[in-house]
Amino acid sequence: MNLSTPDSTHSGNPPARAKRPGKPQETAEPTAIGVASVTQLVDKLSEYLTPVELKKVKEAYRFSDEMHLGQVRKSGEPYISHPIAVAEICAEWKLDAQAIMAALLHDVIEDQDVKKEELIERFGPQVANLVDGLSKLEKIEFQSLVEAQAENFRKMLLAMASDVRVILIKLADRLHNMRTLGVMVPAKKRRIAGETMEVYVPIAHRLGLNNIYRELQDLAFSHLYPLRYRTLSKAVKAARGNRREVVKKILEAVKQTLAMAGIHAEVYGREKTLFGIYKKMRNKHLSFSQVLDVYGFRVVVDSIPNCYVALGTLHGLYKPMPGKFKDYIAIRKINGYQSLHTTLIGPYGTPVEFQIRTQDMHRTAESGVAAHWLYKTGDQNMSDLQQRTHAWLQSLLDIQQQTGDSAEFLEHVKVDLFPDSVYVFTPKSKIIALPRGATALDFAYSIHTGIGDHCVAVKINNETQPLRTELHNGDIVEIVTDPNSRPSPTWLNYVRTGKARSAIRHHLRTVNVNESVELGQELLAQALAARGIQPELPAVTIDKVLAESSAKSMEELYADIGIGKRMPALVARHIFGLMEGETDVLPSSAPLAGDIDPVTIYGSEGVSVQLAPCCLPIPGDQIVGQLRRDQGLVVHTADCLPAKRLRAKEPDRWIAVQWGEELNRRFDCRIRLLINNEKGILARVAAEIGESDGNITYVGMDEDDENMMTQLRFTIQVKDRVHLAHLIRNLRRVAGVNRVERERA
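Source: prediction; values computed, not measured.

**Topic: the overall build of the protein**
Okay, so step 1: For the protein, the helix and strand inventory stands at 29 helices and 20 strands.
Okay, so step 2: Within the protein, buried positions represent 50% of all 745 residues.
Okay, so step 3: Summarising the internal contacts of the protein: among those between residues at least 6 apart in sequence, 70% fall at separations of at least 24.
Okay, so step 4: Accessible surface for the protein amounts to roughly 35900 Å². Of this, 51% is attributable to carbon and sulfur atoms.

See the structure below:
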């Protein structure tokens, strides 16, 4: 077959070279094999590629055509039609010849067992690296489909960090697969659509590829909720006819008003996507008839000053809705998007959204990072977008270096892919974009990992605030550091960004490794005892355990258990299964649960054992232990209500624990006092706590309007329950104190 003739098709004739053993044909039912035309691709490429580049693309096509010969898609089309379609989407962005070649070859490694070395020899290292970055990992055995998918995304995103063309081709690949998803069985449609909505849609948005973003959203929506999609589609078509006159009237009025103001502008209406309408109905609990702004309008002008002039002109034409104006030109979105957004009250009282932007902003808004290939102008906006994208891609590499496994890496990245952002300022007025809900600690880690690790305090708008404080648009944030400060496991409860979460987990994973190993060894011994297995495992069993896990040694396995990454009960169950054939080492019966020694807690352990802040257990309390991922063992009181709720959800993560006999430290405890608000009462209470050998670490005061009294809340340090009971008895004797009790979760 020869790509040089415009009417070339996939004829199905046998190739000159032998077919490699590869992926079986994708036919589900006997279907007539169609033809795959490359005419459109040739026409598109001829517009911007040189003859030399076009010749290289033809070679890649012929090789891909040969490799996929005889392979067909579920629809019955020749498989080569898929690489051609992906290349056509890439050609719309005017990607370079290497990217087009990679698009044509993107499945040959995965499906046809072509070696990367052969691609390097034929097409060069850059094309081979792009294809390798796009190929899935089929030769590695994963414990689950979830783990396999996570590893695929990890490899794709890391390849994208070195060359953004990888994700552009991958998005084009996913877009064509979604366009042709109708032939799949319903379960597979839902899985692929869910994966698209969860990962690929946010990536397209993050890179500013709004056309792809919107189409992928609607396609995924149509397969996830087909009935809702069809119902909403019919409603929009009906409304389109009813609102045609309104749209026409607004268009004419806007064009006339702008022309009278001397502004040359392109004005056109646009309809919201079906998923956008559905999302608004769901989030705001509206019926379709209540969603008034199904239509919006875009005004494209020739300069930034005219954006603001056009805005003022429109505000003179129709009344603006209060609180509905956003200036994304002065502060652009994290994906480089720039526009003025305003919502006006149009004819008949209908809210109408307008977006006002320049031509350059419009290109960036529609094509995102792909605009770098579409319009190579050297414009400052384009280079700034490339810098922002590069910074984000670089952060993926930072997260990867600190992340333990693929599922965790994907979890961190997905956190950063949420489109909503807040924009805050450093003391030197530099703008930092963070996901909505981000805290001051996220801000510290966004500046530098070292600043986050040593963060001790934060000033927001010149006022000292807790590190967990959520940030809002326009906040000025200043971080105070101390070289002796270290991350705390509790930080994981309120950081929002993937970078902060991975950095904290990395620190907790690497400090006090010996302690984690000891705790993990004790936890596994307890779990093995529950199954009647001695903790000293035979060498042959140890070899089997290590061979079937990703751990390189038993110490690494113990450390994973100690920080909560692996569940001791599951590891013990797996070991039991491995030992079933070894009758000489496997006991005939397991011991009674009462014979198993609980894990002993001394309270002086490091980060691998923590006392839960919700209930603050002290010696003498009945306690239980919860294994939390990357936080180790968290100890709760047995009557802690939050612990009871968590235990009902994940019973396997809870183990028996007990206090040790020699506890040479003090423990935090919260107490609450109801007092008469009289002179000197606080001094008398504080003095009594000191005389009772207690130490105050926190004091707070609230007015109890119902009882016309004041409530004092203390966090104090005591030795144990006996010491606490003695202290409470002494406080009850203080004049003016009406009630004293220990504060529970």
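**As for unusual backbone geometry**
Okay, so step 1: Although it is not a glycine, N461 sits at a positive phi angle of roughly 55°.
Okay, so step 2: Positionally, N461 belongs in the loop between β9 (455-460) and β10 (463-465).
Okay, so step 3: By relative accessible area, which is 38% here, N461 ends up partly exposed.
Okay, so step 4: At D693, a position not held by glycine, the phi torsion is positive, near 70°.
Okay, so step 5: Along the chain, the position of D693 falls in the loop between α28 (681-691) and β18 (695-704).
Okay, so step 6: On the basis of relative accessible area, D693 is assigned to the partly exposed category, the value being 38%.

**What about a positive patch on the surface?**
Okay, so step 1: A contiguous patch of positive charge, built from K284, K324, K326 and R436, is present on the exposed surface.
Okay, so step 2: Turning to its location among the elements, K284 is positioned in helix α14 (residues 274-284).
Okay, so step 3: Accessibility expressed as a relative area gives 47% for K284, which makes it partly exposed.

**A short note on the sheet that holds strand β11 (residues 477-481)**
Okay, so step 1: Across the sheet, which stays open at both edges, the three strands sit in the order β10-β9-β11 with antiparallel pairing between neighbours. Edge strands, defined here as strands with exactly one partner in the open sheet, are β10 and β11. Adjacent strand axes in the sheet meet at a mean angle of 35° when their direction is disregarded.
Okay, so step 2: Inspection of the sheet shows β9 paired to β11 by five bridges, in the antiparallel sense. When the bridges of β11 are listed, I460 appears paired with V477.

**A short note on the pattern of salt bridges**
Opposite charge on two side chains permits pairing when their charged atoms draw close.
Okay, so step 1: The full count for this structure, using the stated rule, is 13 salt bridges.
Okay, so step 2: Residue R174 is joined to E195 by a salt bridge in which the shortest nitrogen-to-oxygen separation is 2.6 Å. You can see R174 sitting in helix α9 (residues 165-179) and its partner E195 sitting in helix α10 (residues 186-206), a full 21 residues away along the chain.
Okay, so step 3: Beyond isolated ion pairs, a larger network of salt bridges with shared partners links D621, R721 and R742.

**A short note on the pairing of strand β2 (residues 295-301)**
Okay, so step 1: In terms of burial, β2 is a largely internal element, seven of the seven residues being buried.
Okay, so step 2: Residues Y295, F297, V299 and V301 of β2 are buried on one face, and the alternating residues G296, R298 and V300, pointing to the opposite face, are buried as well.
Okay, so step 3: Sheet topology places strand β1 (residues 266-271) next to β2; six bridges connect them, and they run antiparallel. Bridge pairing in β2 links Y268 to R298.
Okay, so step 4: Summarising the sheet, β2 and strand β6 (residues 351-358) pair through six bridges and their orientation is parallel. Directly across from V301, in β6, lies its bridge partner T358.

**Focus on the confidence of the model for the protein**
Okay, so step 1: Counting all residues, the mean pLDDT for the protein is 77, and 76% of those residues have values of 70 or more.
Okay, so step 2: Confidence drops under a pLDDT of 50 for residues 372-382, and excluding neighbours within four residues, the segment shows 20 contacts in the predicted structure.

**Points about the state of the cysteines**
Okay, so step 1: Counted under the stated rule, the structure contains zero disulfides.
Okay, so step 2: A disulfide-free cysteine, C614 has its sulfur positioned 3.6 Å from the sulfur of C640, the nearest such atom.
Okay, so step 3: Free of any disulfide, C615 has its nearest neighbouring cysteine sulfur in C640, separated by 3.8 Å.
Okay, so step 4: The exposure class assigned to C615 is buried, which follows from its relative accessible area of 7%.

**Details of the sheet that holds strand β15 (residues 632-637)**
Okay, so step 1: Taken in spatial order, the five strands of this open sheet run β12-β16-β14-β15-β13, and their pairing is mixed. The sheet terminates laterally at β12 (599-601) and β13 (609-611), the two strands that pair on one side only. This sheet shows a mean twist of 40° between the axes of neighbouring strands, independent of strand direction.
Okay, so step 2: The sheet contact formed by β13 and β15 spans three bridges and is parallel. The residue bridging Q610 from the neighbouring strand is V634, located in β15.

**Quick look at the nonpolar core**
Okay, so step 1: By size, the foremost hydrophobic cluster in this structure holds 74 residues, and its most contacted members are I100, L105 and L119.
Okay, so step 2: Once residues within four sequence positions are removed from consideration, L119 is found in contact with F63, L105, V108, I109, V114, G124, A128 and V131.
Okay, so step 3: Within the second largest apolar cluster, 51 residues are counted, among which are L519, L528, L633 and I728.

**Points about the environment of R729**
Okay, so step 1: Within the secondary structure, R729 sits in helix α29 (residues 721-732).
Okay, so step 2: Residue R729 is classed as partly exposed on the basis of its relative accessible area, which comes to 47%.

**Details of the packing of helix α2 (residues 51-67) against helix α4 (residues 97-105)**
Okay, so step 1: Closest axis-to-axis distance for the α2/α4 pair is 9 Å, and the angle between their directions is 10°. Considering their axes alone, α2 and α4 lie roughly parallel with respect to each other. Between α2, through E53, K56, V57, A60, Y61, F63 and S64, and α4, the contact on the second element is made entirely by A97, I100, M101, L104 and L105.

**Some thoughts on α9**
Okay, so step 1: The end-to-end C-alpha distance of α9, which contains 15 residues, comes to 21 Å, matching closely the 21 Å that a straight helix rising 1.5 Å per residue would cover.
Okay, so step 2: Counting buried residues in α9 gives 13 out of 15 residues, a clear majority hidden from the surface.

**Description of a nonpolar patch on the surface**
Okay, so step 1: Residues L682, I696, V699 and M701 make up a contiguous nonpolar surface patch of roughly 310 Å² in combined accessible area.
Okay, so step 2: Here the nonpolar patch gets three residues from one element, more than from any other, and that element is β18.
Okay, so step 3: By secondary structure assignment, the location of V699 is in strand β18.

The rules behind the values
- Residues numbered from 1 in each chain as written.
- Predicted model: local features only at pLDDT ≥ 70, side-chain atom pairs only at ≥ 80, totals over all residues.
- Heavy atoms only, no water.
- Helix = DSSP H or I, 4+ residues; strand = E, 2+ residues; numbered from the N terminus.
- Buried < 20%, exposed > 50% of the residue type's maximum accessible area, 1.4 Å probe, protein only.
- Contact = heavy atoms within 4.5 Å.
- Areas by Shrake-Rupley, 256 points an atom, 1.4 Å probe, with all protein chains shown as cover.
- Patch = residues over 30% accessible without salt bridge, like charges linked within 9 Å, V, L, I, M, F, W, Y side chains within 5 Å.
- Salt bridge = Lys/Arg side-chain N within 4 Å of Asp/Glu carboxyl O.
- Lys, Arg positive; Asp, Glu negative; His and termini not counted.
- Charge placed at Lys NZ, Arg CZ, Asp CG, Glu CD.
- Pairing = 2+ DSSP bridges.
- Axes fitted to C-alpha atoms, helices over the stretch in contact; angles between N-to-C directions.
- pLDDT = per-residue confidence, 0-100.
- Disulfide = S-S within 2.5 Å.
- Core = buried A, V, L, I, M, F, W, Y, C linked by side-chain atoms within 4.5 Å.
- Parallel < 35°, antiparallel > 145°, perpendicular 65-115°, else oblique.
- Expected span 1.5 Å × (residues − 1).

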